[in-house]
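A look at the structure
Here are the chains, one letter per residue:
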Amino acid sequence: MCRLLRTPRSATPFTTPPCLCPSPPSVTRSVRIPWRVYCGEAKSPHRLYFGISEEREAGGAQLPGATRGRLGARRHGGHEKAKQLLYGANAPVDRIKLQRRFYTWDTYAETLVTCGKSAPPKIQTVQHYMDEKDLTTQNFNRHGTLIPREELLLDQSYPEDKIICLAGDVESVRDNYRLEAHCNRGFGPLAYRPGRGGAQEGPFRAASGCRVLSRVTGKKNALGPTYGRYVASLFYMKQDYYMVVDSHSRFSLHFDVKMILRVFQAPTRAVLSHYPNGYRPEAPTEEYGKTDVMSMCKGQILSNAMPKLGAEWINLKSAPVLEAFAAAGYMFGESGYVLANPFDPFLPHLFDGEEILYSARMWTSGYDIYCPAAVNVLHHYGRAGAKRDWGDPVNGVKRRERSEKRGLYLLQRYTPWAETEERFNKIQVHMKEAKEKFYKEQNGTGDLVKAAIDGIQNALSRPAHTTAKQRIVVKDEDAKSIPQLHVFRGYYGMGSERTLEAYWEHSELTDAYVKKRDGEGRWEGGTNLCEKGRRA
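The following refers to the structure shown. (Residues numbered from 1 in each chain as written. Predicted model: local features only at pLDDT ≥ 70, side-chain atom pairs only at ≥ 80, totals over all residues. Heavy atoms only, no water.)

1. Observations concerning the pattern of salt bridges
With the rule as written, the count across this model stands at 25 salt bridges. Arg215 is the partner of Asp161 in a salt bridge, and the nearest nitrogen-oxygen pair spans 3.0 Å. Of the two residues, Asp161 sits in the loop between strand E6 (151-154) and strand E7 (162-168) while Arg215 sits in strand E8 (residues 210-218), which places them 54 residues apart along the sequence. Here Asp161 matches Arg215 in class, with each residue buried. Taking the shortest distance from any N to any O, the salt bridge between Arg517 and Glu422 comes out at 2.8 Å. Of this pair, Arg517 sits in the loop between helix H15 (500-506) and strand E19 (523-524) while Glu422 sits in helix H11 (residues 417-441), and the two are 95 residues apart along the sequence. The class for Arg517 is partly exposed, based on a relative accessible area of 33%. (Salt bridge = Lys/Arg side-chain N within 4 Å of Asp/Glu carboxyl O. Helix = DSSP H or I, 4+ residues; strand = E, 2+ residues; numbered from the N terminus. Buried < 20%, exposed > 50% of the residue type's maximum accessible area, 1.4 Å probe, protein only.)

2. Points about the sheet that holds strand E16 (residues 330-334)
Spatially, 5 strands are ordered E9-E16-E11-E17-E15 in an open sheet, and the strand pairing comes out mixed. Each edge of the open sheet is held by one strand with a lone partner, namely strand E9 (241-245) and strand E15 (321-323). Looking at each pair of strands side by side, their axes are set apart by 30 degrees on average, direction ignored. Direction of pairing for strand E11 (residues 270-273) relative to E16: antiparallel, over a ladder of 3 bridges. Counterpart to Leu272 in the pairing with E16 is Phe332. On top of the sheet, helix H7 (residues 255-265) reaches E9, E11 and E16; it is set at about 65 degrees to E16, its chief contact. Each of E11, E16 and strand E17 (368-371) is contacted by helix H9 (residues 354-364), which is oriented at about 120 degrees to E17, the strand it contacts most. (Pairing = 2+ DSSP bridges. Axes fitted to C-alpha atoms, helices over the stretch in contact; angles between N-to-C directions. Contact = heavy atoms within 4.5 Å.)

3. Concerning the nonpolar core
Counting residues in hydrophobic clusters, the biggest one holds 49 residues, and the most contacted among them are Trp105, Tyr108, Tyr230, Tyr337, Phe346 and Met362. Composition of this core by domain shows at least three residues from each of domain 1 (93-133 + 149-170 + 203-222) and domain 2 (238-380 + 395-411 + 483-535). Other than its neighbours up to four places away in sequence, Trp105 contacts Ile123, Leu152, Leu154, Tyr158, Asp161, Ile163, Arg215, Val231, Leu234 and Phe235. (Core = buried A, V, L, I, M, F, W, Y, C linked by side-chain atoms within 4.5 Å. Domains from an automatic or database assignment.)

4. A closer look at the environment of Tyr230
The topology assignment puts Tyr230 in helix H6 (residues 225-233). Residues Tyr230 and Pro345 lie 115 residues apart in sequence; the distance between their C-alpha atoms is 6.1 Å. Here the side chain of Tyr230 touches Leu153 through a polar contact of 2.7 Å, landing on its backbone oxygen. (Polar contact = N/O pair within 3.5 Å; in protein donor to acceptor, adjacent residues only side chain to side chain.)

5. Here's the deal with the pairing of E6
Side chains of E6 alternate between two faces, with Glu151 and Leu153 and Leu152 and Leu154 buried alike. Inspection of the sheet shows strand E3 (residues 122-125) paired to E6 by 4 bridges, in the parallel sense. Counterpart to Gln124 in the pairing with E6 is Leu153.

6. Focus on the state of the cysteines
Applying the stated criterion across every chain, the model contains 2 disulfides. Here Cys165 connects covalently by a disulfide to Cys210, the sulfurs 2.0 Å from one another. Across the S-S bond of Cys165 and Cys210 the torsion is about -105 degrees, and the bridge reads as left-handed. One end of the pair, Cys165, is in strand E7; the other, Cys210, is in strand E8, with 45 residues separating them in the sequence. Neither residue differs from the other here; Cys165 and Cys210 are each classed as buried. For the unlinked cysteine Cys371, the closest cysteine sulfur is that of Cys297, found at 8.3 Å. The exposure class of Cys371 is buried, given its relative accessible area of 0%. (Disulfide = S-S within 2.5 Å.)

See below:
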């Protein structure tokens, strides 16, 4: 096992340079992390569960190959590398037994633990709901919100998916016992966290004992990050903490304990998130000794009115620092935040808009977002020379644009008032320039025309101020005719603890803060949270 970083008790991030080690897997549970990621050894590696969604070329390196190669071959005692990864470098690998299990989505879904109260969920495609206009026959929860209670929602390509489990014998016995107790004694030893209901909360008996669960499919079935996160969340089985992290990441020594302690330090219900500091395998000590991190404390607004995260550097702190946005490259908190805000499978190919949408959902559900103000994760940005496929999937652009509209509708976003004033000012400037040019060309003899232009310019009075609600980009009447925009809006939409309007005020993306554009032409939000973070 390669140990990535050693972090002392002081605020200085590293005392030894990061090591070079191969890229491992992707995670989903107690401390949820992805497979190509895990390099620093946790304090309690046996408590980590990994959930993966892989879309690869035919014949590419999939999880079965990883279990034979990177995770160790079956011969000579079998899976030695996997055992060290999952149980620690000093684990008694000769006494630990691992097994592989294989599922389809049909066989996985039928293992949902319902305690005899209902039949296993049926699988319904997301395309069905994108085309279906009448949803009145579906299920509602106790709050009157339409939810997919008895269905597992998957892309229509789901029959091509393979689900692979790498399970420990001890964990299988333990998890099966917990599931029996869960049914026989109410919630039993399975921690209960209130979510939004529905089959996707699990638990699924097929996941019992699975330290690694991976969904593997062809790259043609890739639907972007939001669907991948949704799929990985289906492998959750009541673990205490949940982490979302990008591939090509590395961790500090005992990162699990350090992250949990940071959550406990926060004064409110917390989700830790930021852009992790970087590393490069060819220059592993490049950021050695760095004493600052990125805080997601400001935002911008794109040309389509979609808000986008921004960040500024703040010094390392002894406690997490409040911010406004969550970056999908790293999120960590008690697992209730995922149950309260289930990942949305109706956002294919969405990129700009995914993070702000999930940030708003978490905040309105009562979760505050904090910069960890510590270095426990590093990410390999750029990866010059890595093979990439920028090809556009069938109807990919159209589907992405439709997903952006769904995001704007759920966020109830509007064009900034500053944009209306900007257009008016441009018209005024243009007319003034046209008048001066004409007057100059006429050698000062065009007084009547000049007077006419002056009259028109004066008649164009500054537009009367309109409310944000009047400037919403995607209105209810627009969404009614497009099922994808409104399907399960309550289930995958905002929470009920705080209002969306209060979130825009907290994140400083209201008209009161949005006054000017940045160097890239985007409207800038306020930066007061950045200033507070630096002073904390």
